[in-house]
Amino acid sequence: MFPRLSFFDILKLFFRALFTLLVIAVFVVLFWRMNAARVPEHLVTLTPNATLLAAYEREGDALEKLTQEQNTITRTKENYGYFASSSAIFVPAADQLQLLVRYNDSTLKALAEDYALDFQPESDKDWYDVTLVLAIDKTPEDKTDNLSSNPESVSLVRVKATETVAREHKGRHSYRKFIFDGISFDEDLLAVYVDFYYTGDLRYENEDFNIYEDKAYGTLCLYAHTEADINKITPLTEKDKAALDAR
């Protein structure tokens, strides 16, 4: 027969079981959050389009990818943590950039507050306009003026995406993947930035917009020629090759 348990023994067992359940619950929540924050691997794999396929046909397995470890999250006071660059892969031989950006549900709440919207933006819709700004050297014979924002020495050119190839929502995060063709990766390219705008406030379309002075809702640097020492050149992964060969 089982020994009779006193009230205090039962109370001790109860709290021990409760503590065990709490520990398990904490680990389950942490595991869920870690998994939800992980970037879906298929979104990082190169997405084939006609331009990339043509380069792959020319270069074969010698086709290379270039990345830089730049700051990946907006950090100014006005947009701290709003936007992130989860993956920015340049394919120089294809004059192409494949960009994966991310924002979480709190960024949509901030959008409603920042613009005093009378509705809560839903995660399945495109609320942000994503474009590149290329800084191009107008005086390649003079490298001393490249760090300025003087229109006479540096040209800033806005580039819209060739196509949007993925829209996904995982956990609390929304992902958008864009392909930008025609990004000539030559010595005149000084820097590549990505600008985020609310689609209801595309300031850069205004006639009085000054690309050298006016700020976007959020901006990240994806590439800087002055930081070539952090360039990371990598070959195609097996998943990249499989995606390209499948087309």
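Please read all numbers here as calculations on a predicted model, not as lab measurements.

**Q** How do you make sense of the environment of V165 when you look at a structure like this?
**A** Take V165: it is sitting in strand β6 (residues 163-170). For V165, a relative accessible area of 28% translates into the label partly exposed.

**Q** Help me understand helix α4 (residues 105-114), please; the structure alone is not making it clear to me.
**A** Note on helix geometry: an α-helix contains 3.6 residues per turn, so any two residues three or four positions apart are oriented the same way. Within the sequence span of α4, burial applies to T107, L108, A110, L111 and A112. In this fold, the buried residues of α4 make contact with β3 (96-104), β4 (128-137) and β8 (189-198). Where α4 ends, the next residue or the one after it, A116, has phi of about 50°, a positive value.

**Q** How should the packing of helix α3 (residues 50-59) against helix α5 (residues 238-245) be read in this particular structure?
**A** Between two packed helices, both the angle of their axes relative to each other and the distance between the axes serve to describe the pair. One can describe the packing of α3 onto α5 by two numbers: an axis separation of 11 Å at closest approach and a directional angle of 105°. Judged by the inter-axis angle, α3 sits roughly perpendicular to α5. Contact residues: α3 offers L52, L53 and Y56, while α5 offers K241, L244 and D245. Partitioning the contact of α3 with α5 into residue classes produces 4 nonpolar, no polar and 2 charged.

**Q** Help me understand the nonpolar core in this model?
**A** Generally speaking, soluble globular proteins have nonpolar side chains that are buried together. If you look at the biggest cluster of nonpolar residues, it comprises 32 residues, and the most contacted ones within it are L97, L99, L132 and L222. Counting residues per element, the ones that place at least two in this core are β2 (84-91), β3, α4, β4, β7 (173-181), β8 and β9 (218-224). Considering every element that reaches this core, the biggest residue donor is β8, with 5 residues. The contact partners of L222, leaving out residues within four places of it in the chain, are Q68, Q70, S85, A88, F90, L97, L99, L132, V192, Y193 and V194. L63, I89, A94 and L244 belong to the second largest nonpolar core, which has 10 residues in total.

**Q** When you look at α5 in this model, what are you seeing that I'm missing?
**A** Every buried residue of α5 is accounted for by D240, K241 and L244. One side of α5 carries all its buried residues, which in axial view fall inside an arc of 95°. Looking at the buried residues of α5, the elements they touch are α3 and β1 (64-68).

**Q** What is the right way to look at the side chain of N49 in this model?
**A** Mapped onto the elements of the fold, N49 is located in the loop between α2 (41-44) and α3. In this structure the side chain of N49 is engaged in a polar contact, spanning 3.1 Å, whose partner is the side chain of D181. With residues up to four places along the chain from it excluded, the contact list for N49 reads Q96, E163, I179 and D181.

**Q** I'm lost on a nonpolar patch on the surface in this one. Help?
**A** On the surface, F8, L11, F14, F15, L18 and L22 cluster together to form a nonpolar patch covering roughly 620 Å² of accessible area. If you trace the backbone, F15 turns up in helix α1 (residues 7-37). Assessed through its relative accessible area of 48%, F15 is described here as partly exposed.

**Q** How should the side chain of D181 be read in this particular structure?
**A** In this structure, D181 sits in strand β7. With no salt bridge to any partner, buried D181 finds its closest opposite charge in R58, at an N-O distance of 10 Å. At a separation of 3.2 Å, a polar atom in the side chain of D181 contacts the side chain of T51. Setting aside its immediate chain neighbours within four residues, D181 contacts N49, T51, D95, Q96 and T162.

**Q** Can you help me understand the pattern of salt bridges in this one?
**A** When charged atoms on two side chains of opposite charge get close, those side chains can pair. Per the stated rule, a full pass over the model turns up 11 salt bridges. We note a salt bridge from K65 to D240, for which the minimum N-O separation is 2.8 Å. Pair noted here: K65 is in strand β1 and D240 is in helix α5, with a separation of 175 residues, a long-range link. Accessibility expressed as a relative area gives 8% for K65, which makes it buried. The shortest N-O distance in the salt bridge between D124 and K125 comes to 3.9 Å. Given a relative accessible area of 56%, D124 falls into the exposed group. Sharing partners across several salt bridges, the network here consists of D61, E238 and K241.

**Q** Help me understand the packing of aromatic side chains in this model?
**A** One pair of aromatic rings is described through two measures. These are the centre distance and the angle between the planes. Using the criterion set out here, one finds 16 aromatic pairs in the structure. For the ring pair F83 and Y217, a centre distance of 5.9 Å and an interplane angle of 70° mean the geometry is edge-to-face. A residue pair is termed long-range when its members are at least 10 positions apart, and F83 in the loop between β1 and β2 and Y217 in the loop between β8 and β9 qualify at 134 residues. Of the two residues examined, F83 and Y217, each falls in the buried class. When the ring of Y103 is compared with that of Y128, the centres are 4.8 Å apart and the planes differ by 75°; the resulting orientation is edge-to-face.

Cut-off values and rules
- Residues numbered from 1 in each chain as written.
- Predicted model: local features only at pLDDT ≥ 70, side-chain atom pairs only at ≥ 80, totals over all residues.
- Heavy atoms only, no water.
- Helix = DSSP H or I, 4+ residues; strand = E, 2+ residues; numbered from the N terminus.
- Buried < 20%, exposed > 50% of the residue type's maximum accessible area, 1.4 Å probe, protein only.
- Contact = heavy atoms within 4.5 Å.
- Axes fitted to C-alpha atoms, helices over the stretch in contact; angles between N-to-C directions.
- Parallel < 35°, antiparallel > 145°, perpendicular 65-115°, else oblique.
- Nonpolar A, V, L, I, M, F, W, Y, C, P; charged D, E, K, R; others polar.
- Core = buried A, V, L, I, M, F, W, Y, C linked by side-chain atoms within 4.5 Å.
- Arc of directions from axis to C-beta.
- Polar contact = N/O pair within 3.5 Å; in protein donor to acceptor, adjacent residues only side chain to side chain.
- Patch = residues over 30% accessible without salt bridge, like charges linked within 9 Å, V, L, I, M, F, W, Y side chains within 5 Å.
- Areas by Shrake-Rupley, 256 points an atom, 1.4 Å probe, with all protein chains shown as cover.
- Salt bridge = Lys/Arg side-chain N within 4 Å of Asp/Glu carboxyl O.
- Lys, Arg positive; Asp, Glu negative; His and termini not counted.
- Phe/Tyr/Trp six-rings, centres within 6.5 Å; stacked < 30°, edge-to-face > 60°.

Note that all results are geometric; they support no functional claim without further evidence.
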